[in-house]
Amino acid sequence: MNIKSYQPRKLSIPVTEIEQASFCRLDDNLRSKTLEEEFKSGVKWQKVPTRYLKLSPEEIDSEVKRMKSIIGSKLYILGHHYQREEVIKFADTTGDSFKLSLEASKEKNAEFIVFCGVHFMAETADILTSVNQKVILPNMAAGCSMADMAPSEDVQDAWDFVSSITNSYIPITYMNSTAAIKSLCGENGGLVCTSSNADKAFAKHIQKGSKIFFFPDQHLGRNTALSLGINLDEIKVWNPFKLNGGLSNQEIKEAKVLVWQGHCSVHTRFTLDQVEAAKNDRKAKVIVHPECTNEVVKSSDFTGSTEYIIDVVSNSNPGSVWGIGTEINLVKRLAAENPDKDIFCLDPIVCPCATMYRIHPAYLLWVLDGIAAGLVINQVEVDFETRVNSKIALDRMLQL
Ligand code: 13P
Ligand code: SF4
């Protein structure tokens, strides 16, 4: 390979990142409005037939129920914990991204898997299910601003450049990335991880003396490396906007972990001040997702995936007080399901994940109407070539 340097392409801030604040508000009423009203938020939505625009949430609710019973066992609905209440109530299984990928891999009977989550999750489900099963994402505009910070071609160029300097790196990608990046990892001895197994994925390779190039979340990468005893100065950030990632050849050779400069716009809203206020003013225990910055993670009492957060909070003693640093739909659901505890979001501004939020119940109804009428709307399909190596990377994660 004759790569002389990594030339950044014309990268710009992803549209999904610019739109992230569109649903932020001061009141915490997250009840769905008609799609027509929600379109006013200013984010990009997928076009949908006009009949769905004016349906009231109640009308949609009874129609979704009816469609689910008409389609019956051919249908399996997966719901990520960040989905709205009016959507997740229809999920046959709910979970974090690891649990949902496991469920998709085990589901052999359903012909239609409707994924109420975001695009990378639906892609993963497609890779893990058989070719005759169809994975559907109700709204194709439901991406992930973090995944959008790592375009596949840029990651490939960066990987080629780093490999031309030293062959001691293993590529590991967070589930929140394109199938093409998962494929790159599969092809080069690496794997996929989620927030519930990043420590195992890192440890496996660090113990063998390998270095890690982690995409695309710098915070999960840094938090995981630090938790395994790597020093902060051994972790370098790959800046895709700069020539050669902004790093010298020496820095690349000496680092133990390289982290792509990506972040989650939802979790980086949480601050040290919020953690301290929760602890000092409300005497709360604090639990946060590992996509938060290291100063937030370090000052919290617990850190883990969405499934872990649910587990710890649900099994805590009655009367306990919890300040939570994760997406608001999950925090509100936990508060409603645990009325014997005082549960609140660390951030006083209510900011749902703007891409997860695009799965409005009207979109769910639209794709179910399609299935009932013999029409597959919004199928997510990964091409054969990408599928082979990304499946290898995913299988390595499932075997951890
Ligand atoms: P979990 O794997 O914890 O569900 O996280 C997925 C995600 O996108 C968090 O932002
Ligand atoms: Fe992506 Fe963050 Fe939304 Fe998760 S919460 S889907 S990482 S933008």
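Residues numbered from 1 in each chain as written. Chains lettered and ligands numbered in written order. Predicted model: local features only at pLDDT ≥ 70, side-chain atom pairs only at ≥ 80, totals over all residues.

Novice: Tell me about the domain arrangement of the protein, and please be specific about residues and values.
Specialist: According to the domain assignment, the protein contains domain 1 (32-143 + 355-384), domain 2 (147-264) and domain 3 (267-345). The straight-line distance from the C-alpha centre of domain 1 to that of domain 2 is 31 Å. Tallying the contact residues gives nine residues for domain 1 and ten residues for domain 2. Those elements that provide at least two residues to the side of domain 1 that touches domain 2 are helix H5 (97-106) and helix H6 (119-128). Across the side of domain 1 that touches domain 2, the residue classes tally to four nonpolar, three polar and two charged. (Domains from an automatic or database assignment. Contact = placed C-beta atoms within 7 Å. Helix = DSSP H or I, 4+ residues; strand = E, 2+ residues; numbered from the N terminus. Nonpolar A, V, L, I, M, F, W, Y, C, P; charged D, E, K, R; others polar.)

Novice: Let's hear about the nonpolar core: which residues, and what values?
Specialist: Residues Leu 78, Ile 113, Phe 115 and Leu 364 are the most contacted members of the largest nonpolar core, which totals 116 residues. Broken down by element, the residue count for this core peaks at eight residues, all from helix H16 (residues 361-372). In this structure Leu 364 touches Val 64, Val 87, Phe 90, Cys 116, Pro 138 and Ile 359, once residues within four positions along its chain are discounted. (Core = buried A, V, L, I, M, F, W, Y, C linked by C-beta atoms within 7 Å. Buried ≥ 20, exposed ≤ 12 C-beta atoms within 10 Å, placed from the backbone.)

Novice: So what about the site of ligand 2? Which residues, and what values?
Specialist: Residues in close proximity to ligand 2 total 13 residues, the closest being Cys 144, Met 146, Cys 264, Val 266 and Cys 353. A per-class count over the shell around ligand 2 returns seven nonpolar, four polar and two charged. (Near = placed C-beta within 6 Å.)

Novice: Break down the packing of helix H8 (residues 179-187) against helix H17 (residues 384-398) for me, with residues and values.
Specialist: Contact geometry for H8 and H17: axes closest at 7 Å, N-to-C directions at 70°. Regarding the angle of H8 to H17, the classification is roughly perpendicular. Considering how the two elements wind past one another, H8 and H17 form a crossing that is left-handed. On H17, the residues that touch Ala 179, Ala 180, Lys 182, Ser 183, Cys 185, Gly 186 and Glu 187 of H8 are Thr 386, Asn 389, Ser 390, Ile 392, Ala 393 and Leu 394. (Axes fitted to C-alpha atoms, helices over the stretch in contact; angles between N-to-C directions. Parallel < 35°, antiparallel > 145°, perpendicular 65-115°, else oblique. Left-handed = near helix turned anticlockwise from the far one by under 90°.)

Novice: Account for the pairing of strand S10 (residues 285-288), naming residues and giving values.
Specialist: With four bridges connecting them, S10 and strand S12 (residues 321-325) associate as parallel partners. Counted as the bridge partner of Val 286 is Gly 323 from S12. In this sheet, strand S11 (residues 302-303) lies alongside S10 in parallel orientation, the contact comprising two bridges. Among the inter-strand pairings, Ile 287 is bridged to a residue of S11, identified as Phe 302. Handedness of the crossover joining S10 and S11 through helix H13 (residues 294-299) is recorded here as right-handed. (Pairing = 2+ DSSP bridges. Right-handed = clockwise from strand over helix to strand, strands pointing away.)

Novice: An account of the site of ligand 1 is needed here, citing residue identities and associated values.
Specialist: Near ligand 1 you find Asp 96, Ser 97, Phe 98, Asn 176, Thr 194, Ser 195, Cys 264, Glu 291, Ser 305 and Thr 306, and these make up its full shell. When grouped by side-chain class, the residues that make up the shell around ligand 1 number two nonpolar, six polar and two charged.

Novice: Give me the packing of helix H9 (residues 198-206) against helix H10 (residues 218-227): which residues, what numbers.
Specialist: The description of two helices packed together rests on the angle between their axes and the distance between the axes. At a closest axis distance of 10 Å, the pairing of H9 and H10 adopts a crossing angle of 60°. Compared by their axis directions, H9 and H10 come out oblique. Handedness of the H9/H10 crossing: right-handed. On the side of H9, the interface is formed by Ala 198, Asp 199 and Phe 202, while H10 contributes Leu 220, Thr 224, Ala 225 and Ser 227.

Novice: Account for the environment of Pro 216, naming residues and giving values.
Specialist: By secondary structure assignment, the location of Pro 216 is in the loop between strand S7 (211-215) and H10. In sequence terms Pro 216 and Met 146 are 70 residues apart; their C-alpha atoms lie 7.0 Å from each other. For Pro 216, the residues in contact, after removing those within four places along its chain, are Met 146, Ala 147, Met 149, Ala 150, Tyr 174, Asn 176, Ser 177, Trp 260 and Gly 262.

Novice: Tell me about the environment of Ser 305, and name the residues and values.
Specialist: Assignment of secondary structure puts Ser 305 in the loop between S11 and helix H14 (306-314). Judged by the 23 C-beta atoms lying within 10 Å of it, Ser 305 is buried. Measuring from C-alpha to C-alpha, the distance between Ser 305 and Ser 195 comes to 5.2 Å, with 110 residues separating the pair along the chain. Excluding anything up to four places from it in sequence, Ser 305 contacts Asp 96, Phe 98, Thr 194, Ser 195 and Ser 196.

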